[in-house]
Amino acid sequence: MSYLAQGRNGPGVTRRRVVLGMSGGVGAAALAGCGPTAPSGNEAVPSRAPQEVTWSIYGDQTTRPFFDAITDRFNQQNAGKHVAVLNLVAGSEYIDKTLAALAADAPSDVFLTYAQYKPAWVKKNLLLDVSSRFRTSKVVNTKMYYQPVVDAISYQGKQWGTPWGYNATMMFIVVDRFTERNIALPSPNWTMPDYAALAKRLTDPEKKIFGTTNAANVAGQSMFSLMWNYGKHYWVDANETKSLVNSEGAIEMFRAFQDMQFRDMTVPWSGNPPKPEFGFNQGAIAMSIQYTSVASYNLVNTFEKQNTSFAWKMHTFPKGPKDQQHFSQGHIWSIAKTHKQPDRAWVMAEWLGSMEAEKVWAETGRTPPQVPNQELWSTFFGRWPAETRKESIDFILNTLYKGKAVNFQYWSTFYDCEPIMKAALADVYGPKQVPPKTAMDDAARKIDEVLRR
């Protein structure tokens with residue numbers, strides 16, 4: 001998933017667990033340095049114990065069942081050869097602990113590298129290049145995934161792991177809000193002015209129903225595609241030498257959402273807050289940018305708990321002046337560059353990118369399929385009625401993944417630029433209502449300083 005917790009709570013080292021024994025009658029005898037000798041009499045032939053392989057990911061006890069399902073399936077399918085051991089790390093500590101473990105040369109055999117960190121970690125020579133392993137593998141290959149998924153595991157023409165959690169965004173529409181006001185749903189080729197006008201018509205101040213949310217007031221993710229759709233660029237240029245957050249297109253985008261927030265009052269903010277306990281899950285936001293996975297288990301679980309629901313639909317982003325791109329991203333199962341036994345680690349990384357792992361993720365509803373497989377998508381959305389399921393899958397396979405979803409390639413200084421943009425956005429969309437040109441000129445100057453360093 002893309003809503004990853006980023007923490008800076010101080011480094012700590014995660015040590016690889018050494019399993020001395022297992023339940024189920026499987027021994028864990030130490031491997032001898034010499035080959036086995038012939039038995040004499042009734043001596044039993046010594047057996048080679050399965051090799052342990054550790055893997056780490058962020059999570060807690062609420063998400064552990066998803067990962068335990070992966071561990072169990074891997075162990076079932078690799079019985080007698082390998083045994084997987086999960087190292088679950090709190091999301092707020094994951095990056096710091098992973099970096100500390102890498103520095104101590106003691107990371108898990110396979111660990112999750114966030115999309116946001118991939119370029120920096122590649123440049124710091126932390127990750128193993130697995131390109132050649134992809135070419136010779138009988139389990140994974142770059143042709144089995146959607147092209148944006150291949151882009152997500154690649155950097156500078158090489159592959160740095162197998163994919164996990166690749167997800168694309170779409171416009172999530174609450175159909176009931178349109179029906180209540182007798183408003184037709186937008187066409188697939190609607191525009192940003194259409195979007196702003198619809199948000200105004202769908203807003204109900206008395207009921208605290210908002211037309212949409214401010215996707216431009218996000219230091220990353222959905223804002224990236226909006227900026228691209230207005231100016232065909234992101235925060236920095238392709239060479240990572242110049243900031244573009246104050247370009248003509250970017251300023252037009254920031255101004256459009258500032259008007260929606262303060263003039264039209266169609267998006268919630270601290271000065272015009274939503275009603276408590278009446279938000280997205282209750283259908284109080286008529287249109288919002290969401291990941292395709294939002295309807296897999298989050299929303300369906302909420303509907304079951306609150307015993308109320310609403311009709312919804314996946315839709316395209318509104319067209320900007322330059323494009324109609326949808327943001328998407330994915331993370332990778334990596335192996336440390338310094339791993340002493342990369343072949344052993346690759347067994348787990350390879351399996352995590354396989355169709356077998358895809359089946360587990362779809363069955364649990366944890367992450368969307370990363371392969372064009374109708375059956376997996378049906379399993380993933382299996383808790384929805386047949387028509388809802390069919391319509392959603394059709395949109396994902398035949399619209400979103402047919403040119404709309406583009407993998408976002410972060411740059412190595414993203415996390416140095418992020419606080420600068422957060423401060424600028426607070427000025428533009430906070431009580432000060434600073435003109436976008438003023439705020440973004442200042443932000444561009446500061447980002448240029450980061451890029452020069």
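Refer to the structure above for everything that follows.
This text gives an overview of the structure that appears in the document. The structure presented is a predicted model; accordingly, all values stated were derived computationally and were not measured.

**Some remarks on the overall build of the protein chain**
Then, in step 1: In terms of regular secondary structure, the protein chain is built from 16 helices and ten strands.
Then, in step 2: Taking all 453 residues of the protein chain together, 55% fall into the buried category.
Then, in step 3: Just so you have it, the protein chain exposes about 20,500 Å², and 51% of that area is on carbon and sulfur atoms.

**Things to note about the environment of T308**
Then, in step 1: Among the secondary structure elements, T308 is positioned in the loop between α10 (298-306) and β8 (312-315).
Then, in step 2: Residues T308 and Q282 lie 26 residues apart in sequence; the distance between their C-alpha atoms is 7.9 Å.

**Side note on the packing of helix α1 (residues 64-77) against helix α11 (residues 342-352)**
Then, in step 1: The N-to-C vectors of α1 and α11 enclose an angle of 115°; their axes lie 11 Å apart at closest approach. As α1 runs across α11, the sense of the crossing is right-handed. Counted together, I70, R73, F74 and Q77 of α1 and V347, M348, W351 and L352 of α11 form the full contact between these two elements.
Then, in step 2: Of the residues contributing to the contact of α1 with α11, the split by class is six nonpolar, one polar and one charged.

**Considering the pattern of salt bridges**
Then, in step 1: The tally for this structure, following the rule as stated, stands at 20 salt bridges.
Then, in step 2: As a salt-bridge pair, K437 and D441 come within 2.8 Å of each other at their nearest N and O atoms. Of the two residues, K437 and D441 are both situated in helix α16 (residues 436-452); the distance of four residues between them amounts to about one turn of the helix.
Then, in step 3: You can call K437 partly exposed: its relative accessible area is 41%.
Then, in step 4: We classify D441 as partly exposed; its relative accessible area is 29%.
Then, in step 5: Through salt bridges with shared partners, one network takes in K200, D259, R263 and D264.

**Thoughts on unusual backbone geometry**
Then, in step 1: In this model, D105 sits at a positive phi of 55°, which is unusual for a non-glycine residue.
Then, in step 2: Residue position: D105 is located in the loop between α2 (94-103) and β3 (110-113).
Then, in step 3: When its relative accessible area of 39% is taken as the criterion, D105 is described as partly exposed.
Then, in step 4: You will see that E277, though not glycine, has its phi angle at about 60°, which is positive.
Then, in step 5: With respect to the helices, strands and loops of the structure, E277 is situated in the loop between α9 (248-263) and β7 (287-291).
Then, in step 6: Under the relative-accessibility criterion, E277 is labelled exposed at 75%.

Analysis parameters
Residues numbered from 1 in each chain as written. Predicted model: local features only at pLDDT ≥ 70, side-chain atom pairs only at ≥ 80, totals over all residues. Heavy atoms only, no water. Helix = DSSP H or I, 4+ residues; strand = E, 2+ residues; numbered from the N terminus. Buried < 20%, exposed > 50% of the residue type's maximum accessible area, 1.4 Å probe, protein only. Areas by Shrake-Rupley, 256 points an atom, 1.4 Å probe, with all protein chains shown as cover. Axes fitted to C-alpha atoms, helices over the stretch in contact; angles between N-to-C directions. Left-handed = near helix turned anticlockwise from the far one by under 90°. Contact = heavy atoms within 4.5 Å. Nonpolar A, V, L, I, M, F, W, Y, C, P; charged D, E, K, R; others polar. Salt bridge = Lys/Arg side-chain N within 4 Å of Asp/Glu carboxyl O.

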